[in-house]
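One letter stands for each residue in the lines below.
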Amino acid sequence: MTTPPSRRIVANFFISLDGVVEAPDKWHFPYFDDEMGAAVGEGFARSDAMLMGATNYREWAEYWPNSDDEIAATMNGATKYVVSDTLESADWANTTLLRRAEAGDRLRELKAGQGKNIALSGSATLVRWLLSEGLLDELDLLVHPIVVGSGAHLFEAGTPRLPLTLASSTTFGSGVLHLVYRPAAD
């Protein structure tokens, strides 16, 4: 019998009914309320590191170090891991750049170590890769009651079959569904 990892990789997404995860800043704020804030806050509280792809890293590394938002200190002080073969460097404080060839082994080591969860936000490509490698432990979705119509989807056409199990579901007063999925047992 194998011992389960002490840490989990948890992907968090704002997602529309039609599966769009791109540019939630353009459609999700009318639904953000205290219930959603509490759910997002709980996710941060259960994590002590962040995982991201190159695009998310570029956006956040440009924004957070210059932000006076109330969570800027948390974002800037967090341990961060970026999986990318395109970035030349990752200079945002407390960031480690992982090349794809080494990322799987390094993430397995991190999961086997001590600490809280490793949170991932806003990188659908990375989530698909993590699922295919058996590294993603949880998919935490905040499904918004809106059809966006266009934009990048969490899962693109041609994504291999990935059975998931619903671990929990909550309906917020705004109509947002908080769904937590885990990879289905083999």
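Predicted model, so just to flag it, every value in this text is computed and none were measured.

### Some points on the overall build of the chain
Right, so step 1: The secondary structure content of the chain amounts to 5 helices and 8 strands.
Right, so step 2: Whereas a compact globule of 186 residues would reach a radius of gyration of roughly 16 Å, the chain reaches 16 Å, a difference of no more than 12%.
Right, so step 3: Taken along its principal axes, the extent of the C-alpha atoms in the chain is 45 × 40 × 30 Å.
Right, so step 4: Counting across all 186 residues of the chain, residues that qualify as buried make up 40%.
Right, so step 5: Considering only contacts in the chain between residues 6 or more positions apart, those separated by 24 or more positions represent 70%.

### Observations regarding the side chain of T95
Right, so step 1: You can see T95 is positioned in strand β4 (residues 95-98).
Right, so step 2: The buried category is assigned to T95, whose relative accessible area is 15%.
Right, so step 3: Of note is the side chain of T95, whose polar atom sits 2.8 Å from the backbone oxygen of W92.
Right, so step 4: Leave out the neighbours within four places in its chain, and T95 touches Y57, K80, V82 and A90.

### A closer look at unusual backbone geometry
Among all residues save glycine, negative phi is the norm, and among peptide bonds the norm is trans.
Right, so step 1: Notably, A23 is not glycine yet its phi reads approximately 50 degrees, a positive angle.
Right, so step 2: By secondary structure assignment, the location of A23 is in the loop between β1 (9-16) and α1 (34-45).
Right, so step 3: Non-glycine residue N94 carries a positive phi angle of around 65 degrees.
Right, so step 4: Here N94 shows up in the loop between β3 (79-83) and β4.
Right, so step 5: Using a relative accessible area of 44% as the deciding quantity, one classes N94 as partly exposed.

### Overview of empty space enclosed by the protein
With a probe scaled to a water molecule rolled over the atoms, the places where space remains empty come into view.
Right, so step 1: Tallied over the entire structure, the rule returns 1 cavity of 30 Å³ or more.
Right, so step 2: Size it by volume and the largest cavity reaches roughly 40 Å³.
Right, so step 3: Lining the largest cavity we find V10, N12, G43, R46, S47, N117, E138 and D140.
Right, so step 4: Elements that contribute at least two residues to the lining of the largest cavity include exactly β1 and β6 (138-144).
Right, so step 5: Taken together, the residues of the lining of the largest cavity break down into 1 nonpolar, 4 polar and 3 charged.

### A look at the nonpolar core
Right, so step 1: By size, the foremost hydrophobic cluster in this structure holds 28 residues, and its most contacted members are F13, L51, L107, V127, L130 and L154.
Right, so step 2: Setting aside chain neighbours within four positions, we find L154 in contact with F13, I15, G19, V21, A124, V127, R128, L139 and L141.
Right, so step 3: Counting 12 residues, the second-largest nonpolar core is a separate cluster that includes M50, A72, A78 and A90.

### Observations regarding the environment of A78
Right, so step 1: By secondary structure assignment, the location of A78 is in the loop between α3 (72-77) and β3.
Right, so step 2: The class of A78 is buried, set by a relative accessible area of 15%.
Right, so step 3: Here the alpha-carbon distance between A78 and T95, two residues 17 residues apart in the chain, equals 8.4 Å.
Right, so step 4: The residues touching A78, leaving out its near neighbours within four places in the chain, are M50, A93 and N94.

The rules we used
- Residues numbered from 1 in each chain as written.
- Predicted model: local features only at pLDDT ≥ 70, side-chain atom pairs only at ≥ 80, totals over all residues.
- Heavy atoms only, no water.
- Helix = DSSP H or I, 4+ residues; strand = E, 2+ residues; numbered from the N terminus.
- Rg over C-alpha atoms; globule rule 2.2 N^0.38 Å.
- Buried < 20%, exposed > 50% of the residue type's maximum accessible area, 1.4 Å probe, protein only.
- Contact = heavy atoms within 4.5 Å.
- Polar contact = N/O pair within 3.5 Å; in protein donor to acceptor, adjacent residues only side chain to side chain.
- 1 Å grid on protein atoms, 1.4 Å probe; cavity = no way out; pocket = protein on both sides within 12 Å on 5 of 7 lines; lining within 4 Å.
- Points joined across faces, edges and corners; volume = space filled by probe spheres on them.
- Nonpolar A, V, L, I, M, F, W, Y, C, P; charged D, E, K, R; others polar.
- Core = buried A, V, L, I, M, F, W, Y, C linked by side-chain atoms within 4.5 Å.

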